[in-house]
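# Geometric and topological summary
Here is how the chains run, residue by residue.
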Amino acid sequence: MPPTLASLVHHSALKLTVRAGEDRLDVPVRWAHVSELADPVPYMEGGELLLITALKLDAENPEVMRRYVKRLVGAGVVGLGFAVGVNYEEIPEALVEAAREEGLPLLEVPRRTPFLAISKAVSAAIAADQYRAVTAGFAAQRELTKQALNSGPEGLLGALAGQVDGWAALYDASGAVVAAAPEWAGRRAARLTAEVERLRERPAPASSVVGGPDHEDRVELHSLGTGRRPRAALAVGTAAALGTAERYAVHSAIALLTLTTERSRSLYAAEQRIGTAVLRMLLAGQPDHARAVAGDLYGGLLDAPFRVIVAESVSGSAARAHADAHAHAHARVPGAAKQAPPAAALAAADSAGDRLGGLAETVESAAARSGEAVLVVPEGERLVVLAADGGAAVAACTQYAAALEAARAVAEQAGADEDELVVGLSAPAGPIAAAAAYKQAEQALSVARRRGRVLVEHEQLAAGSVLPLLADDAVKAFADGLLRALHEHDATGRGDLVASLRAWLSRHGQWDAAAADLGVHRHTLRYRMRRVEEILGRSLDDPDVRMELWLALKATSTE
């Protein structure tokens, strides 16, 4: 058990006396902290025993003490230790009354007891508690490993239930209970099938905490597996929150059960490791080595032009915000608005809570049906795909994106806020240009994310004007900051510097033409441009400065 105020009061060497809050001494103490600040709250985390001598406090003022103690209680301070015989011979009655009103334990610290001794006692008790927890956790790990080797998952669940003084159950990929301990726990675990299914919709590793009916128990659910989707789930039910030792036991059980459930995936994992190695070699400019490693598994993919696909998930609200902000500047995915996506693609997009996993399954299934090779590599929060140009996998990717666009429209009407997918698709390339194709896909992905689109092809980026890109919020913020001083000057009525700068830049610095546009003398315009330079602290002779100012004016112009 961690140290408590009661254990400190009973510590024979500290000689502490309780002056208030006698009924709250069983609260755990996270640390002992010394502070003579009039307001130490900003430096508190909660759970501390605060030690003071009232060096900077008017401890005899009732109103000051009420505010001081109320602030401490609000910050989660569990106790206040007051050293007598230093600044005050005894604890002022104003502080005692304030502590009693707020229910804050107040401990009298005798002069012969240094604060350091209290801090050491708390630290030693915390260290001892942590050592006991770690030791118990290692013992539990050994026992769970022994049971897993000798009796399989059933034996492991029985040992885990004993370690946490509760029950444990194992679910398969469909959410069905396959084992439970003790035996009666099977019925309890079966009532959590819906929660397990919701957990499976989240990328692994995932966990959640649910309460039983009428608070009969507290259940932790943990996904098992290291792939894109959980292979199984573990439920652990207890009467209260897990302690440190019990937490070690649960984590050990998760690791052991994951090893068990992942054995059937060994072949897929081996293929994925080869695919990752091939991708890294291609990106490192080593196509010959990549061909050698790819062998028959991916070799055919490298014999013809391929496309690089880079995908990642974004929040639905963020995607819709970008889409709304840029709808006036960008066209939809070519073909997506002209024809409805196939029903199969709509179903896949509709049912896949894991958008990245759904995309991977879609392109892999399409490639398998057509007999073409496809390389699918998870890369952190991203998914990287190499697929034959013009093949079934690329077509399936674009259809899946179109289906997500259609699903987004439905979600907007329903007010849903599900995670969405953004995809960047490179131009066709060969093994020698794989790194360039990957960069193209990343650039297209960045544009898709910024524009609120599901899929953008790199070939689309060269079409149209650069000006729509200025709708980006970061560009607008930069433009506002760059021109703010000029707008503030114009607001005082001392000259129209913004309009003059726009006219001058639009005329490529031709004084007479710009002055005529403004209806002023060219000397007036020259004076205004000098004022622009003085206010901004930048020279208009610098072409980079003129470029930045022109783009800022375009980004902030009213459309």
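Scroll up to find the structure.
Before going into details, it helps to say that this report is about the structure given with it.

Rules behind the numbers
- Residues numbered from 1 in each chain as written.
- Predicted model: local features only at pLDDT ≥ 70, side-chain atom pairs only at ≥ 80, totals over all residues.
- Heavy atoms only, no water.
- Buried < 20%, exposed > 50% of the residue type's maximum accessible area, 1.4 Å probe, protein only.
- Helix = DSSP H or I, 4+ residues; strand = E, 2+ residues; numbered from the N terminus.
- Polar contact = N/O pair within 3.5 Å; in protein donor to acceptor, adjacent residues only side chain to side chain.
- Patch = residues over 30% accessible without salt bridge, like charges linked within 9 Å, V, L, I, M, F, W, Y side chains within 5 Å.
- Areas by Shrake-Rupley, 256 points an atom, 1.4 Å probe, with all protein chains shown as cover.
- Salt bridge = Lys/Arg side-chain N within 4 Å of Asp/Glu carboxyl O.
- Contact = heavy atoms within 4.5 Å.
- Pairing = 2+ DSSP bridges.
- Axes fitted to C-alpha atoms, helices over the stretch in contact; angles between N-to-C directions.
- Parallel < 35°, antiparallel > 145°, perpendicular 65-115°, else oblique.
- Nonpolar A, V, L, I, M, F, W, Y, C, P; charged D, E, K, R; others polar.

## A look at helix H17 (residues 497-506)
Helical geometry: 3.6 residues make up each α-helical turn, so side chains three or four residues apart lie on a common side. By the criterion of burial, H17 is predominantly enclosed, with seven of the ten residues buried. For H17, every residue scored as buried is listed here: Leu-497, Val-498, Ser-500, Leu-501, Ala-503, Trp-504 and Leu-505. For H17, the N-terminal cap is Asp-496; the gap from its side-chain oxygen to the backbone nitrogen of Ala-499 is 3.4 Å. Once H17 finishes, His-508 follows within two positions and takes phi at roughly 55°, a positive value.

## What to know about a nonpolar patch on the surface
On the surface, a cluster of nonpolar side chains totalling about 190 Å² of accessible area is made up of Ile-274, Val-293 and Leu-297. Turning to its location among the elements, Val-293 is positioned in helix H9 (residues 287-298).

## Some points on the side chain of His-458
Position of His-458 relative to the elements: it lies in helix H15 (residues 458-461). Engagement of the side chain of His-458 in a polar contact is seen with the side chain of Gln-443, the distance being 3.0 Å. When sequence neighbours within four positions are dropped, the list of residues in contact with His-458 reads Leu-425, Ser-426, Ala-427, Gln-440, Gln-443 and Ala-444.

## Here's the deal with the sheet that holds strand E9 (residues 218-224)
Strands sit in the order E7-E6-E10-E9-E8 across an open sheet of five strands; the sheet is antiparallel. Two strands lie at the open edges of the sheet, namely strand E7 (177-181) and strand E8 (207-211), each paired on one side alone. Pairs of neighbouring strands in the sheet enclose a mean axial angle of 20°, with direction left out of account. As judged from the four bridges shared by strand E6 (residues 167-171) and E7, these two strands associate in the antiparallel manner. In the sheet register, Leu-170 faces E7, and the bridge partner there is Ala-179. Its contacts with the sheet put helix H4 (residues 115-164) on E6, E7 and strand E10 (232-238), and the angle it makes with E6 is roughly 145°. Across the sheet, helix H6 (residues 193-200) is in contact with E6, E8, E9 and E10; its angle to E9 comes to roughly 40°.

## Describing the packing of H17 against helix H19 (residues 522-536)
Between two packed helices, both the angle of their axes relative to each other and the distance between the axes serve to describe the pair. Where H17 contacts H19, the two axes come as close as 10 Å, and the packing angle between them is 105°. Here H17 is positioned roughly perpendicular relative to H19, judged by the angle of their axes. Residues Leu-497, Ser-500, Leu-501 and Trp-504 of H17 form the contact with H19, whose own contacting residues are Leu-525, Arg-528, Met-529, Arg-531, Val-532 and Ile-535. Of the residues in the contact of H17 with H19, the class split is seven nonpolar, one polar and two charged.

## Concerning the sheet that holds strand E2 (residues 31-34)
Spatially, five strands are ordered E1-E5-E4-E3-E2 in an open sheet, and the strand pairing comes out mixed. Of all strands in the sheet, those bounded by a partner on one side alone are strand E1 (17-20) and E2. Adjacent strand axes in the sheet meet at a mean angle of 30°, parallel and antiparallel pairs treated alike. Relative to strand E4 (residues 79-83), strand E3 (residues 48-52) is paired through four bridges, and the arrangement is parallel. Bridge pairing in E4 places Leu-49 opposite Gly-79. Contacts between H4 and the sheet are confined to E2, E3, E4 and strand E5 (106-109), with E2 contributing the most and set at about 155° to the helix.

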